[in-house]
Amino acid sequence: VAPLLTKSPDEIWPTVVCDEHEQALGLVWSNLESVREAVNSQAGVYLSRRRGVWKKGETSGATQDLLRVELDCDRDALRFIVRQHGSGFCHNNTWTCWGKGSGLSSLFRNLYQRKETAPCGSYTKRLLNDKELLALKLREEIEELILAETKEEAIWEAADVLYFLLVSMCHKGISLAEVET
């Protein structure tokens, strides 16, 4: 933390916590002790005004693997990139402090949960349990994307391809982060 600057007499820094897809999960505070502990334990460790230095998820089970720590351009704030586990970052049991999140990573988390919890008769569950049907749908949607003649058609077909692709990844146990890497 030597390059960090602060005007706070307590030497604390605002810390934006992001998941591995760089989606902001929430805002916390860090100090020298919490940053040192976070780096040493490779976990989300922060400063709480109420609890002092605390490790995220010790009571909730929503733990974090610390992937990297970054400084902002003014060197007065931190960004922790973490692999979030459990129900999410927020104490309200949502992925972010702004709700469930969005984008492909949110859809993928939802599909992965459905792998375990989807009710009988669910189309996603059926796809996850029937690899021939899943392969058929992937081929069908890719062909429809290739044949799409308008931008609007291509958008709809690309969305279908992405859905079936994510289901296939989930079926094979491949994470979105592994593909991004």
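Check the entry above for the structure.
These figures come from a predicted structure and were not determined experimentally. (Residues numbered from 1 in each chain as written. Predicted model: local features only at pLDDT ≥ 70, side-chain atom pairs only at ≥ 80, totals over all residues. Heavy atoms only, no water.)

Draft legend 1. Layout of the packing of helix α4 (residues 131-147) against helix α5 (residues 151-172). α5 packs onto α4 with a crossing angle of 155 degrees between their chain directions and a minimal axis gap of 9 Å. One element, α4, and the other, α5, form an angle in the roughly antiparallel class. Remark: the crossing between α4 and α5 carries left-handed chirality. Contact residues: Lys-131, Leu-134, Lys-137, Leu-138, Glu-141, Ile-142, Glu-144 and Leu-145 in α4; Ala-154, Glu-157, Ala-158, Asp-160, Val-161, Phe-164, Leu-165, Val-167, Ser-168 and His-171 in α5. (Axes fitted to C-alpha atoms, helices over the stretch in contact; angles between N-to-C directions. Helix = DSSP H or I, 4+ residues; strand = E, 2+ residues; numbered from the N terminus. Parallel < 35°, antiparallel > 145°, perpendicular 65-115°, else oblique. Left-handed = near helix turned anticlockwise from the far one by under 90°. Contact = heavy atoms within 4.5 Å.)

Draft legend 2. Local environment of the layout of surface pockets. Considering only enclosed or pocket space, the largest pocket measures out at about 730 Å³ in volume. Taken together, 29 residues line the largest pocket, and the ones lying closest to its centre are Trp-95, Ser-105, Phe-108, Arg-109 and Asn-110. Those elements that place two or more of their residues in the lining of the largest pocket are β6 (78-84), α2 (103-117) and α6 (176-180). Grouping the constituent residues of the lining of the largest pocket by class yields eight nonpolar, 16 polar and five charged. The calculated volume of the second largest pocket comes to roughly 550 Å³. Around the second largest pocket, the lining is made up of 23 residues, and of these Val-28, Arg-51, Trp-54, Lys-56 and His-91 lie nearest the centre. Of all the secondary structure elements, the ones that give two or more residues to the lining of the second largest pocket are β2 (24-31), β3 (45-48) and β4 (52-55). Classifying every residue of the lining of the second largest pocket by side-chain character gives nine nonpolar, eight polar and six charged. (1 Å grid on protein atoms, 1.4 Å probe; cavity = no way out; pocket = protein on both sides within 12 Å on 5 of 7 lines; lining within 4 Å. Points joined across faces, edges and corners; volume = space filled by probe spheres on them. Nonpolar A, V, L, I, M, F, W, Y, C, P; charged D, E, K, R; others polar.)

Draft legend 3. Molecular detail of the pattern of salt bridges. All chains considered together, the criterion is met by seven salt bridges. A salt bridge links Glu-22 to Arg-79, with the nearest nitrogen and oxygen atoms 3.8 Å apart. Residue Glu-22 is located in the loop between β1 (12-19) and β2, and its partner Arg-79 is located in strand β6; the two are separated by 57 residues in the primary sequence. Overlapping salt bridges bring together Glu-22, Arg-68, Glu-70 and Arg-79 as one network. (Salt bridge = Lys/Arg side-chain N within 4 Å of Asp/Glu carboxyl O.)

Draft legend 4. Inspection of the packing of aromatic side chains at higher detail. Tallying each qualifying case throughout the model produces five aromatic pairs. Between Phe-108 and Tyr-112, the aromatic rings sit 6.3 Å apart at their centres with planes inclined by 35 degrees, giving tilted as the arrangement. Here the residue Phe-108 and the residue Tyr-112 both occupy positions in helix α2, the gap between them amounting to four residues, near one helical turn. By relative accessible area, which is 8% here, Phe-108 ends up buried. Residue placement shows Arg-109 over the ring face of Trp-95; its charged tip is 3.9 Å from the ring centre. (Phe/Tyr/Trp six-rings, centres within 6.5 Å; stacked < 30°, edge-to-face > 60°. Buried < 20%, exposed > 50% of the residue type's maximum accessible area, 1.4 Å probe, protein only. Lys NZ or Arg CZ within 6 Å of the ring centre and 35° of its normal.)

Draft legend 5. Fine view of unusual backbone geometry. You will see that Glu-22, though not glycine, has its phi angle at about 65 degrees, which is positive. Within the chain, Asn-93 stands out as a residue other than glycine whose phi angle is a positive 60 degrees. Its place among the elements puts Asn-93 in the loop between β6 and α2.

Draft legend 6. Broad picture of the pairing of β1. The sheet contact formed by β1 and β2 spans seven bridges and is antiparallel. Looking at β2, one finds that Trp-13 is bridged to Ser-30. The turn linking β1 back onto β2 is made up of four residues, and Glu-22 within it adopts a positive phi angle of 65 degrees. In this sheet, β6 lies alongside β1 in parallel orientation, the contact comprising five bridges. Residue pairing across strands places Asp-19 opposite Val-82, the latter belonging to β6. (Pairing = 2+ DSSP bridges.)

Geometric descriptors of this kind do not, in isolation, establish any biological role.
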